[in-house]
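If you want the building blocks of each chain, they are given just below.
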Amino acid sequence: MALLVQKYGGSSLGTLERIKHVATKIIQAKQQGHQLVVVVSAMQYETDRLIQLCHTLTPDPAPREYDVLVATGEQVSMSLLAIALNTKKCPARSYTGSQIGIQTDSIHTKARILEVKTELILQDLAEDYVVIIAGFQGVNARGDTTTLGRGGSDTTAVAIAAALHAEECQIYTDVEGVFTTDPRIIPNARLLSQISFEEMLEMASLGAKVLQMRSVELASKHNLPIRVLSTFSNHPGTLVTFEDKIMQRRLVSGIAFSREEAIIALNGVPNRAGIEGQILGLVSDANIEIDMIAQNATDKETNDFTFTLHRKDHPKTLQILQQLAKELGIASVKSNTKVAKLSLVGIGMRSHSGVASKMFQALGDVGVNIQMITTSEIKISVVIDEDNLERSIQAVHSAFELDKLPSEKKPSLMEV
Ligand code: ASP
Ligand code: MG
């Protein structure tokens, strides 16, 4: 017998049929003798719908009221699931974040969990109830409803599992786990049976959207493995866990990418102390995040300074820098908004050389020009033309034989 914390995502709860299916799965787990705490997302598209309603009134709602509104999605799914379970003679109770005591700070729309109260949960479990808790929401010290940012139900589930000292936190979704890359783009992507927290964080931050980043950080902090698996199959999915628990050693684990990138290049930047800080200071004052940076000296007097950022921030940043260029005597500001970033991730890179050269050769072999490069201990990222993205992923994926990982399942995606 184990205490299981399961989280079901929006597509797993998208219709009443699916809610009934989830109820059946929960009852099966219970019949095996497990105690169950279930965290739910809102029904599929519901959170988007609520946000849209709000934005039809104003693009700039009071954050407190926005949270009250968007937290309602999870209240619908939690109660429907409890009702579905009760109908099948399985005692279940649903609770909002505030009722359970998911205490957060007061940063509305992206609050952080400070504490999870376990009294009510433990009481109900002792009385043989399935405890259903609304994900994505909590309560601040004043008693106001808060929400945790998009995808925040994953973080609710991990926080509850950590507070209850559960053995693992199971995240049920509509894909079978974490793949070597996006199977919608590379059909021979492979399902990974295990991946380390560190790799998962890199993959999540680079746009692999299976888990909210914060949930992975929290799980790693609390030594709590996360299992990502499909609601619609019986495959054991992917275990996100510690590096030393990973059984299958491999050089690289996956390729993450993001399309919505832009490059801005400043040419002829006067070569003097402090100028980089001046340039980026203005950009960060406008709350714009930048990603990669490269600088090289063109001659004694000037540098070229190049960086990447999210494409949506490009127009504003360009405007700021065109103004600054005049003031600082920068020769020109150029940009390219049709670029994408591709990143190869793997803990094996730490102990093996030659990964970068192999990756660059694979790209060269298919005629793809690399515009920028950054590396970290377990990741190599390149910026390329967006039009080249798919064949670049394909080339790197096969160069590292990710499509040949042994004994792991090929994707079978569900239609949603
Ligand atoms: N319902 C929320 C969202 O769509 C939270 C979640 O699904 O994790 O972002
Ligand atoms: Mg999600």
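Check the entry above for the structure.
Participant: So what about the environment of A71? Which residues, and what values?
Facilitator: Counting through the fold element by element, A71 comes out in the loop between helix 3 (63–70) and helix 4 (72–87). Those residues in contact with A71 that lie beyond four places of it in its chain are Q137, T145 and T147.

Participant: Give me the lowdown on the packing of aromatic side chains, citing residues and values where you can.
Facilitator: Per the counting criterion, the structure on display carries three aromatic pairs. On the numbers, 4.7 Å between centres and 10 degrees between planes, the contact of Y8 with Y172 is stacked. Taken together, the residues span a long stretch of sequence, with Y8 in strand 1 (residues 3–8) and Y172 in strand 9 (residues 169–173) at a distance of 164 residues. In terms of burial, Y8 and Y172 fall into one category: buried. Its guanidinium or amino end placed over the ring of Y129, R93 lies 4.0 Å from that ring's centre, counting from NZ or CZ. In this structure, K358 is placed above the aromatic ring of F400, and the distance from its NZ or CZ to the ring centre is 4.9 Å.

Participant: Tell me about the site of ligand 1, and please be specific about residues and values.
Facilitator: Taken together, the neighbourhood of ligand 1 is formed by S41, A42, T47, E74, F136, R150, G151, G152 and S153. The separation between an oxygen atom of ligand 1 and a polar side-chain atom of R150 is 2.7 Å. Within the contact set of ligand 1, an oxygen atom lies 2.9 Å away from a backbone nitrogen or oxygen of G151. Against a free-state accessible area of 260 Å², the protein chains account for coverage of 86% of ligand 1.

Participant: Describe helix 9 (residues 213–221), listing the residues and the values that go with them.
Facilitator: Among the residues of helix 9, S215, V216, L218 and A219 are the ones counted as buried. Viewed along the axis of helix 9, the buried residues span an arc of 165 degrees, placing them on a single side of the element. Looking at the buried residues of helix 9, the elements they touch are helix 7 (153–163), helix 8 (197–205) and strand 11 (226–230).

Participant: Can you break down the environment of E377 residue by residue, with the values?
Facilitator: Note on placement: E377 falls in the loop between strand 17 (372–376) and strand 18 (379–385). Distance in space between the C-alpha atoms of E377 and R350 is 5.9 Å, their sequence separation being 27 residues.

Participant: A description of the sheet that holds strand 3 (residues 92–95) should follow, citing residues and the corresponding values.
Facilitator: Judged by pairing direction, the sheet is mixed, and its eight strands sit side by side in the order 3-6-2-1-9-11-12-10 without closing on themselves. In the strand order of this sheet, the two ends are held by strand 3 and strand 10 (194–196), each with one partner. Across the sheet, the axes of successive neighbouring strands diverge by a mean angle of 20 degrees, strand direction being ignored. Bridging between strand 11 and strand 12 (residues 238–241) involves three bridges; their strand directions are antiparallel. Bridge pairing in strand 12 links V228 to T238. Across the sheet, helix 1 (residues 16–31) is in contact with strand 1, strand 2 (35–40), strand 6 (130–134), strand 9 and strand 11; its angle to strand 1 comes to roughly 170 degrees.

Participant: Please give an account of the pattern of salt bridges that cites residues and values.
Facilitator: For the coordinates displayed, the defined rule picks out 20 salt bridges. E202 is the salt-bridge partner of K379, the closest N and O atoms lying 3.4 Å from each other. Pair noted here: K379 is in strand 18 and E202 is in helix 8, with a separation of 177 residues, a long-range link. Classification of E202 as buried rests on a relative accessible area of 17%. Sharing partners across several salt bridges, the network here consists of R64, E65, R142 and D144.

About the criteria used
Residues numbered from 1 in each chain as written. Chains lettered and ligands numbered in written order. Predicted model: local features only at pLDDT ≥ 70, side-chain atom pairs only at ≥ 80, totals over all residues. Heavy atoms only, no water. Helix = DSSP H or I, 4+ residues; strand = E, 2+ residues; numbered from the N terminus. Contact = heavy atoms within 4.5 Å. Phe/Tyr/Trp six-rings, centres within 6.5 Å; stacked < 30°, edge-to-face > 60°. Buried < 20%, exposed > 50% of the residue type's maximum accessible area, 1.4 Å probe, protein only. Lys NZ or Arg CZ within 6 Å of the ring centre and 35° of its normal. Near = heavy atom within 4 Å. Polar contact = N/O pair within 3.5 Å; in protein donor to acceptor, adjacent residues only side chain to side chain. Areas by Shrake-Rupley, 256 points an atom, 1.4 Å probe, with all protein chains shown as cover. Arc of directions from axis to C-beta. Pairing = 2+ DSSP bridges. Axes fitted to C-alpha atoms, helices over the stretch in contact; angles between N-to-C directions. Salt bridge = Lys/Arg side-chain N within 4 Å of Asp/Glu carboxyl O.

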